[in-house]
Structures are given as structure tokens and as C-alpha cells.
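Structural characterization, general
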Amino acid sequence: MENVKLGIIKEGKVPIDRRVPLTPAQAKEVKENFKNVEVICQSSDIRCFEDDEYRQSSITVTDSIEDCDILMGVKEVPIDNLIPNKTYFFFSHTIKEQHYNRNLLQAILQKKIRLIDYETLTDSTGTRIVAFGRYAGIVGAYNGIWAYGKRYNLFDLRRAHECFDLEDLKTEYSKVSLPPIKIVVTGGGRVSKGAMEVLNGMGIRKVTPAEFLENYFDTAVYCQLNTWDYNKPKDGGEFIRNDFYANPQSYEGDFLKYAKAADLLVAGAYWDPRAPVLFRRDDIMKPDFKIRIIADITCDIEGSIPSTKQPCTIADPIYDYNPSDDKVEAPLSDEGNITVMAVDNLPCELPRNASEDFGRELVDNVLPHLFDNDTEEVVKRATIAENGALTERYSYLQNYVDNKAPAGTL
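As the structure is a computational prediction, the values presented were derived from the model and not from experiment.

A look at the packing of aromatic side chains
- One pass over the structure, following the stated rule, counts 20 aromatic pairs.
- Here Phe 239 and Phe 244 contribute two aromatic rings whose centre-to-centre distance is 5.5 Å and whose plane-to-plane angle is 35 degrees, an arrangement assigned as tilted. Here Phe 239 matches Phe 244 in class, with each residue buried.
- Every member of this aromatic cluster is reached through a ring pair, and the members are Phe 212, Tyr 230, Phe 255, Tyr 258, Phe 279 and Phe 289.
- Across the ring face of Phe 132, the terminal group of Arg 19 is positioned such that the distance to the ring centre comes to 4.3 Å.
- Positioned above the aromatic ring of Phe 212 is the side chain of Lys 182, whose terminal nitrogen or guanidinium carbon lies 5.4 Å from the ring centre.

Printed below as a string of C-alpha cells:
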């Protein structure tokens, strides 16, 4: 393997993100385990690990990373900061044809950048191998409970970002005192598992979907829904998970029965734009629609949840959705509204923990392929663009890049 310079970039997106792809200890580990790799850290005054922590781990800190071969960040790199002809790792948020990042992908192609998106790094079975999902779930569920306490003046919790780390956050759990509400969690992956960590830690009992729908409980409970719990084949046949993922347009939603029973929705399931939505605006208007607080961890704007009209920020984590006017209003302004928590960078509220977990997966599951010959094509599968063109796997994005098709269609 040739000598390689790996640069950890300063996050440039606004609002700021304090996470890092590699902690100081992990950066040092990379240097020690991959002898031909030098790790450089771009100086930053915003990241959760200070420059001196990298220096103490024998990592060079510098203002310029233009001589690095591979550049790693977390969020989208501002177009003006992109360096031509480099290999970049970051979450590009382009694979669903997100309209707000069309110009970013166009610039990446123009600058002949090799783009490897963390979201597309998978093993041979298609399972993601690096993600911040657990911490998105942890903070998302916590924020959902925080929002419930705020809406009904029940308890006051510190915000997650005000806590030093996860262990500090857990000290807030004992302050939660809920009436016998029902909480529904969607998804079966890292996000939902993270959400359930919080609900379990708060002593909220888990019940089955059938119990959730049929029984009354004198304490707060939650149920977890997998895709087959709230989607069904249009032809009335049997639900087949692999077929649903391959052909979601052949299925219809069956979530409304849960919306009639639940008080709080924690949405943590990945949503394919071809798949059914959870519910529609006219469903919210019906008198038997019970949900009044939605913690939308997925934060798909106007996606599977119609009340998610815009992202929130860590500083302002909630807004109200007025279904009768289909408008966003000030938070906690009307009892007829839905209170929405849709922060799009939730793991950034616990940046040190989130970075440590993410970096561990990156070191263990990705870098050996990146710095070897990639015989399992882990990096190749995740490469969206290279040498000024989309790779074959992501060629479906060409119309999106050329602005010839509506954004958000696959």
C-alpha cells in the first residue's frame, strides 16, 4: 500500500456539528495499525474534542489539509470548501435525491471528487456497517419525552445537549413521571433500539402491538412496530419482508389503528419514498386520531409523516403543526396542534459518545477495506461518484443531477 494522508476536516455546515469521524484515541490507533497512513487533523474550534486532545495523541493539527489524499467529515461539506480530485467521506444526503443537496452533488462531479457516503457503507448482506443511529434514537426518544413533559407541564428535564455525556443524561430519567399514556416506536434497527434504551431506562413498560391496541394499562407503556406491523400487501397476500424492501410500492399502509391508540409517536424507521406513508393530513383531522406529539427521528421532510414540514434545530427542537391550515406554528401554541420534534442532527446532542461509537465502527469495519484491496467491495459499493461521473450503482441519480426529474423520486 502506498503512503496515504488521511485528514479529519473541520465541520463547515451551519448549524454547526460538533461530532468527529475519529476521536483522538482512534486517530492514534489508525496511525499505529496502518503503518503507511498518516493522520492529520484540521484545526477546529467547534468539535467536541479539542485540538490539544489530538496533539496529545500524537496527531498533527494544522489549518490546511489540502495535501491529504482522503478527507473525512461528518455532515455535508460546503461547496466552497470542497477540494478537487480528493476522496471524501461524509453524509451527503443525496441518495434519496434530496433537492437541497442537488448543487452539492453537481459540484462533487465538477470537481472530480470521489465521494464515499457513510450511509451507503454496507456488508455483503446490505446491512449498514457505520452509523450514528443508536444515538439518534437515544436523543430522539429523550427529546420526545421532554416535549411531552413541556406540553403538559408535567416535569422539567435538562436538554440532552446540556448533559456532558450519556451517563449524565441518564441521571435525568428519574425525573420523568408519566400518566398512563401509550407510546409507539417504529423501526427495528439501530435507531429504534436506541430509543428503546431510553424508554426502558425510564421504566416504561414494553408491550406487544396486539396488547397495545387491545388493552388498557394503568401505567405508561410502549410498543415497537416492525415494517410488517403497519404495512400490508395491496393484493391481500402475505407480507414478505424482502419483497417489501424491493417493491414497497406494492404495499399499503396500516398504521392508523396505532394512531388511534397512541399519544406519542417515536418515528425511527427508514422510509423509502416508494413506500406507503404512515398517515396523511386528512387522517390527522379525524376525531379518532389520538397522537399529539411526534418525535420524528427520521426527519424526512414531507415524507412519511405530513406534520414534518421542516427540520428543527438543537436550540429550537420543537414546533407545532396546525393540520387544519397545514402550517407550522409556534411550539405549544394550541391544543389542537401536533407538537413535532424533528431535529435533523440528534446525535450531535451527545457528540462525544456518538463519535466514539461511530469511529469504532469506522476503524473496525471500513478502514481495513479502504487501506487494503477492498476484495469485498465495501468501499466500491459505497462510492457514489468518481472521476467526474456517477458510478454504475448510483447512475439512477443522473436525472436528479441534471435537474430533469422531480427531486425525491427514485
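Concerning the pattern of salt bridges
- Considering all chains together, one arrives at 29 salt bridges under this definition.
- Of the charged contacts in the structure, one is a salt bridge between Asp 17 and Arg 19, with a shortest N-O distance of 2.6 Å. Here Asp 17 and Arg 19 have matching classes, each one buried.
- Of the charged contacts, one joins Lys 309 and Asp 326 as a salt bridge, the two residues approaching to 3.3 Å between their closest N and O atoms. On the criterion of sequence distance, the pair formed by Lys 309 in the loop between strand S13 (293-296) and strand S14 (318-322) and Asp 326 in the loop between S14 and strand S15 (327-329) is long-range, its members being 17 residues apart.
- We classify Asp 326 as partly exposed; its relative accessible area is 28%.
- Among the ionic contacts, a cluster of salt bridges with common partners joins Arg 158, Asp 168, Glu 172 and Lys 175.

Focus: the nonpolar core
- Counting 111 residues, the largest nonpolar core has Val 30, Leu 121, Ile 145, Phe 255, Leu 265 and Phe 371 as the members making the most contacts within it.
- Here the element with the most residues in this core is helix H4 (residues 133-151); it accounts for 10 residues.
- Each residue touching Leu 121, except ones within four places of it in the same chain, is listed here: Phe 89, Ile 116, Thr 127, Arg 128, Ile 129, Val 130, Val 366, Val 378, Val 379 and Ala 382.
- Residues Leu 82, Leu 105, Ala 385 and Leu 397 belong to the second largest nonpolar core, which totals 25 residues.

Side note on the environment of Leu 362
- As for its position among the elements, Leu 362 is in helix H12 (residues 351-365).
- The spacing of Leu 362 and Val 328 is 34 residues in sequence and 38 Å in space, taken between C-alpha atoms.
- Leaving out residues up to four positions away in the same chain, Leu 362 has contacts with Pro 21, Leu 22, Met 72, Tyr 118, Val 130 and Leu 367.

Things to note about the UniProt feature "binding site: NAD(+)" (unreviewed entry) in the chain
- Under the present numbering, the feature "binding site: NAD(+)" (unreviewed entry) in UniProt falls on Gly 189, Arg 190, Asp 229 and Tyr 270.
- Assignment of secondary structure puts Arg 190 in helix H6 (residues 190-201).
- A distance of 3.0 Å separates the side chain of Arg 190 from the backbone oxygen of Arg 128, its partner in a polar contact.
- Taking relative accessible area as the criterion, Tyr 270 reaches 55% and is therefore assigned exposed.
- Excluding its chain neighbours within four sequence positions, the residues that come into contact with Tyr 270 are Lys 96 and Glu 119.

Regarding helix H3 (residues 102-110)
- When we look at burial in H3, the residues that qualify are Arg 102, Leu 104, Leu 105, Ala 107, Ile 108 and Leu 109.
- Residues of H3 that are buried in the fold lie against strand S5 (87-90), strand S6 (114-117), strand S17 (383-386), strand S18 (389-390) and helix H15 (398-401).
- Looking one or two places after H3, you find Lys 112, whose phi comes out positive at around 55 degrees.

Rules behind the numbers
Residues numbered from 1 in each chain as written. Predicted model: local features only at pLDDT ≥ 70, side-chain atom pairs only at ≥ 80, totals over all residues. Heavy atoms only, no water. Phe/Tyr/Trp six-rings, centres within 6.5 Å; stacked < 30°, edge-to-face > 60°. Buried < 20%, exposed > 50% of the residue type's maximum accessible area, 1.4 Å probe, protein only. Lys NZ or Arg CZ within 6 Å of the ring centre and 35° of its normal. Salt bridge = Lys/Arg side-chain N within 4 Å of Asp/Glu carboxyl O. Helix = DSSP H or I, 4+ residues; strand = E, 2+ residues; numbered from the N terminus. Core = buried A, V, L, I, M, F, W, Y, C linked by side-chain atoms within 4.5 Å. Contact = heavy atoms within 4.5 Å. UniProt positions renumbered as here; feature names shortened; annotations may be inferred. Polar contact = N/O pair within 3.5 Å; in protein donor to acceptor, adjacent residues only side chain to side chain.

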